[in-house]
Amino acid sequence: MTDSSDAGVLVFGPYNADGLAELQRRFRSVRHLATKDLSLLSDEERASVRALAVGGVISNADLDALPNVEIVGHFGVGYDGVDAAHAAKRGIAVTNTPDVLTDEVADTAVALVLMTVRELHLAEAHARSGEWERSGAYPLTRFSMRRKVVGIMGLGRIGLAIAERLEAFGVRIKYHNRTRRTDVAYPYYETLADLAKAVDILLIAAPGGASTDKAVNAEVLAKLGPDGILINIGRGSTVDEPALIEALENGTIASAGLDVFADEPRIPERLRALPNAVLLPHVASASRDTRIAMGDLVAENLSRWFCGNKLSTPVPESVEAGLAQRRKG
Ligand code: A2R
């Protein structure tokens, strides 16, 4: 669908280059403000913005400084960086990019599990540094995938794709959501602490935001126990990071594999120093193919809005507010 809309699109913050090109292909007026500094725009320019494409956080203050914005296309499935309820109150629709990244994120999650369980980050360093030739084979790993029980917090689109992949390893899956699913046979745990107690590997695939803030705390880590492994591909805010560092330092849990952090791109020095932590720089969806699909979906949503069609992927807050489609008149 090619749209000749004159709607002013503001791309707010760092943004994928292919995604930007797709917006420029569809819209005549696209401005990229990589620094997120709205003071660089005149009052007239701010008033001309009717659509936003955002690849991270936009504050309510910045959103409110754009009087005529109608829609925010968020690049990413986790939209905790946008206050969708606040936007809805102003009649602004918000879209995200689910589904198109599910397989990529699930692949990365499985890789992170394997790296952490089999210490592949340390084994790789052993080969690369010449240590294998100098001092012999890398030591046998403490853990293996055999007979492991994996607990998933957030058995949604991504969590389920991870579970399906992990089943091929012969592991058992258990999960915790706020609501029990009726379409899966995996054992359900009403609380995260109970799930942590029942599994070897606790894997977080839930969204960020207030309802999951620091849910993985010292108590949950203690329940996971000294042979337990934490994997996080959801949001850094879901883990109490200082409590995790302490748990890794003093053996409360065995190890962790993390793709997300509390204050990205900053990772605490103490965490970076730990050999029992595998650290990835938030790359779960970061392949060119997947990022192109995400950018296309943002652009498609903006086009659909200004053509008066139903949005492809509005977030629930927008649907509830009757903003799944542009109101006429
Ligand atoms: O709680 P439910 O029944 O709504 O299930 C959702 C679960 N979830 C939670 N589980 C426990 N405590 C919470 N406070 C909580 N909030 C949500 O997370 C659902 O099973 C899952 C999210 O699944 P989807 O909405 O299908 O999202 P998707 O595409 O799997 O992505 C999940 C997250 C993103 O938000 C990014 O942060 C990350 O993965 O990349």
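Quick caveat, the model's predicted, so the values are computed rather than measured.

Below, the discussion takes up the overall build of the chain. Scanning the chain from terminus to terminus reveals 14 helices and eleven strands. Here the chain has a C-alpha radius of gyration of 22 Å; the compact-globule value for 329 residues is 20 Å, and the two agree. Overall size of the chain, expressed as C-alpha extent along the three principal axes, is 70 × 50 × 35 Å. Counting the 329 residues in the chain, one finds 50% classified as buried. Pairs at least 24 residues apart make up 58% of the contacts formed inside the chain by residues separated by at least 6 positions. Of the roughly 15,500 Å² of accessible surface on the chain, 51% is carried by carbon and sulfur atoms.

A word on the sheet that holds strand E5 (residues 93-95). Strand pairing within a sheet occurs via backbone hydrogen bonds; the two strands may be parallel or antiparallel. As summarised here, the arrangement of the five strands in space is E2-E1-E3-E4-E5, forming an open sheet in which the pairing is parallel. Only two strands of the sheet have a single partner each, and these edge strands are strand E2 (30-33) and E5. Strand-to-strand twist in this sheet, taken as the mean axis angle between neighbours without regard to direction, amounts to 20°. Pairing of strand E1 (residues 8-12) with E2 involves four bridges; the strand directions are parallel. Note that in E2 the partner of Leu10 across the bridge is Arg31.

For the rest of this paragraph, the subject is the site of the ligand. Surveying the vicinity of the ligand reveals 20 residues, the closest of which are Arg157, Ile158, Asn177, Arg178 and Ser211. Within the side chain of Asn177, a nitrogen or oxygen atom sits 3.0 Å from an oxygen atom of the ligand. In this structure, Thr179 approaches the ligand through a main-chain N or O atom, which is 3.1 Å from an oxygen atom. Relative to its free-state accessible area of 790 Å², the ligand is covered by the protein chains to the extent of 84%. For the shell around the ligand, the per-class residue count stands at eight nonpolar, nine polar and three charged.

Formed by 57 residues in total, the largest nonpolar core has its most connected members in Leu23, Ile152, Ile162, Leu203 and Ile233. With seven residues, helix H5 (residues 102-117) is the single largest residue contributor to this core. Among all residues touching Ile162, those that are not within four sequence positions of it are Ala106, Ala109, Ile152, Leu203, Ala205 and Ile233. If you look at the next biggest cluster of nonpolar residues, it comprises 30 residues, including Tyr189, Val199, Leu221 and Ile267.

Axis angle and axis distance: for two packed helices, these are the angle between their axes and the distance between the axes, and together they describe the pair. Relative orientation of the contacting elements H5 and helix H8 (residues 157-167) amounts to 50°, with a least axis distance of 9 Å. Here H5 is positioned oblique relative to H8, judged by the angle of their axes. Like other packed secondary-structure pairs, H5 and H8 cross with a definite hand, here right-handed. Contacts between H5 and H8 pair Thr102, Asp103, Val105, Ala106, Asp107, Ala109 and Val110 from the former with Arg157, Ile158, Ala161, Ile162, Arg165 and Leu166 from the latter. Of the residues belonging to the contact of H5 with H8, the class tally is eight nonpolar, one polar and four charged.

Cut-offs and rules
Residues numbered from 1 in each chain as written. Predicted model: local features only at pLDDT ≥ 70, side-chain atom pairs only at ≥ 80, totals over all residues. Heavy atoms only, no water. Helix = DSSP H or I, 4+ residues; strand = E, 2+ residues; numbered from the N terminus. Rg over C-alpha atoms; globule rule 2.2 N^0.38 Å. Buried < 20%, exposed > 50% of the residue type's maximum accessible area, 1.4 Å probe, protein only. Contact = heavy atoms within 4.5 Å. Areas by Shrake-Rupley, 256 points an atom, 1.4 Å probe, with all protein chains shown as cover. Pairing = 2+ DSSP bridges. Axes fitted to C-alpha atoms, helices over the stretch in contact; angles between N-to-C directions. Near = heavy atom within 4 Å. Polar contact = N/O pair within 3.5 Å; in protein donor to acceptor, adjacent residues only side chain to side chain. Nonpolar A, V, L, I, M, F, W, Y, C, P; charged D, E, K, R; others polar. Core = buried A, V, L, I, M, F, W, Y, C linked by side-chain atoms within 4.5 Å. Parallel < 35°, antiparallel > 145°, perpendicular 65-115°, else oblique. Left-handed = near helix turned anticlockwise from the far one by under 90°.

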